[in-house]
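One-letter residues, chain by chain:
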Amino acid sequence: MLFRSHGLREELLSQKMSSVMSKLTPTEAYPDEAARVIAEVDRREAGRLEMADWWARFAYVADGDCYFDLTERRELARTTFNALYRHLACYSIHAGANGKKRKVEASISFDENRQAMGARVLEGLTYAAGESIICARDGLAYGNRWRDARPEVQSADVSPWLAHVERLVPNAQEREHLLNVLAYKVQHPNVKINHGILFAGVPGCGKDTLFAPFLYAIGGRDLTNVALVRNEEVTSSWGYALESEVLVVNELRQAEAKDRRALENQLKPLLAAPPELLPVNRKFLAPYMSANRLLVIAFSNERVPIALPSDDRRWFVIWTAAPRMDKAESSALWAWYESGGRGAVAGWLHEIGRAHV
């Protein structure tokens, strides 16, 4: 259908918007949720800011000629900043040739006033887990893209999960070290644990199930700050996966011995520091260096997924002899996760693990 009348189109769009908003109206079943969501979206939407609030919320990033949102911890290109505030009339502090005010883009107005308004100027961006929103390196200030996404949790009984851990890792010494590593990472995002975890066993034995509450403890239901990558993505030239506290490699495997050695070399800088910094390359955006604090966790169904020298110290390797989980057993454990068990384990990991790793 073609709209022949501009007024008719506007009326229909208005009706559609009213219909959408009515669905967000608080109901008896959900009296506060819709209003809360709308309020949160409004709070976070940078485009709703008045001009007077710009300089408190944004910092100029010299390295990328862009703007860093100090609330949302994301960067806005100059063109994006201009588009967001196209509705505002911005004038230069410098008079035009005729002595009158000269209209300028929003970004120019921000730049001209940032010194007087006390806005920050950052050298660049970084991803530094555990650090504040602005962190220093070599005496220069950087905007930190990392945001703590750990959910609010409470301690509760975690015996179903601990029983599953013991089923997969019956060796007490291995199990203690594994639990210490997981707890320490939850409690200390700013510390590099100088080895990865390679957890291997037969398909369906419950490897992913064991680590699910830990990943929730790091990034909540959205798994923020958790990167899930396939085996072939490890060697990618892009660095999006390095913007994470935990990097999970699913089905680590290289069939040829020479490929396994190459994969080992690719993973070396991610497993231990030095290097203290890792390059993050992004499409159409300025690259930057992230702090090397991520923990690598790799799963495999293979006995020899990667070639390791006998004196290797970069991997903590566990091969579980546990058989495939019974369907009823798996369903019961995941039902417990969904009913609060996942959060209970997150709380437990937050409280224990005082041993040094």
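So, a few notes on the structure that sits alongside this text. Not measured: the values here are computed from a predicted model. (Residues numbered from 1 in each chain as written. Predicted model: local features only at pLDDT ≥ 70, side-chain atom pairs only at ≥ 80, totals over all residues. Heavy atoms only, no water.)

Observations concerning the overall build of the chain
A tally of regular secondary structure across the chain gives 10 helices and 14 strands. By sequence separation, contacts in the chain at least 24 residues apart represent 65% of the contacts at least 6 residues apart. For the chain, the exposed surface amounts to about 19700 Å²; the carbon and sulfur share of it is 52%. (Helix = DSSP H or I, 4+ residues; strand = E, 2+ residues; numbered from the N terminus. Contact = heavy atoms within 4.5 Å. Areas by Shrake-Rupley, 256 points an atom, 1.4 Å probe, with all protein chains shown as cover.)

Brief notes about helix α6 (residues 159-168)
Those residues of α6 not exposed but buried are Trp 161, His 164, Val 165 and Leu 168. All buried residues of α6 project into a common sector of 100 degrees when viewed along the axis, lining one side. Those residues of α6 that are buried are in contact with α7 (172-187), β8 (196-200), α8 (207-219) and α10 (327-351). (Buried < 20%, exposed > 50% of the residue type's maximum accessible area, 1.4 Å probe, protein only. Arc of directions from axis to C-beta.)

Structural notes on the packing of α8 against α10
For any two helices packed against each other, the geometry is given by the interaxial angle and the distance between the axes. It is at 8 Å that the axes of α8 and α10 come closest, and there the two elements cross at 55 degrees. The angle between α8 and α10 falls in the class oblique. In terms of crossing hand, the pair formed by α8 and α10 is right-handed. Across the interface between the two elements, Thr 209, Ala 212, Pro 213, Phe 214, Tyr 216 and Ala 217 of α8 pack against Leu 333, Trp 334, Tyr 337, Arg 342, Gly 343, Val 345, Ala 346 and Leu 349 of α10. Here the contact of α8 with α10 is composed, by residue class, of 11 nonpolar, two polar and one charged. (Axes fitted to C-alpha atoms, helices over the stretch in contact; angles between N-to-C directions. Parallel < 35°, antiparallel > 145°, perpendicular 65-115°, else oblique. Left-handed = near helix turned anticlockwise from the far one by under 90°. Nonpolar A, V, L, I, M, F, W, Y, C, P; charged D, E, K, R; others polar.)

Side note on the sheet that holds strand β6 (residues 134-137)
Taken in spatial order, the three strands of this open sheet run β5-β7-β6, and their pairing is mixed. Each of the sheet's edge strands pairs with one partner strand only, and the pair in question is β5 (124-126) and β6. Each neighbouring strand pair of the sheet contributes to a mean axis angle of 50 degrees, computed without reference to strand direction. Where β5 lies against strand β7 (residues 140-144), three bridges are found, and the strand directions are parallel. In the sheet register, Thr 126 faces β7, and the bridge partner there is Asn 144. (Pairing = 2+ DSSP bridges.)

Overview of the packing of aromatic side chains
Under the counting rule described, the total for this entry stands at 15 aromatic pairs. The interplanar angle of 70 degrees and the centroid separation of 5.9 Å between the aromatic rings of Trp 161 and Trp 348 together place this pair among those described as edge-to-face. Of the two residues, Trp 161 sits in helix α6 while Trp 348 sits in helix α10, which places them 187 residues apart along the sequence. These aromatic residues form a ring-pair network of at least three members: Trp 54, Trp 55, Phe 58, Tyr 60, Tyr 67, Phe 81, Tyr 85 and Phe 110. The cationic tip of Lys 101 hangs over the ring face of Tyr 91; the distance from NZ or CZ to the ring centre is 6.0 Å. The cationic tip of Arg 114 hangs over the ring face of Tyr 60; the distance from NZ or CZ to the ring centre is 4.4 Å. (Phe/Tyr/Trp six-rings, centres within 6.5 Å; stacked < 30°, edge-to-face > 60°. Lys NZ or Arg CZ within 6 Å of the ring centre and 35° of its normal.)

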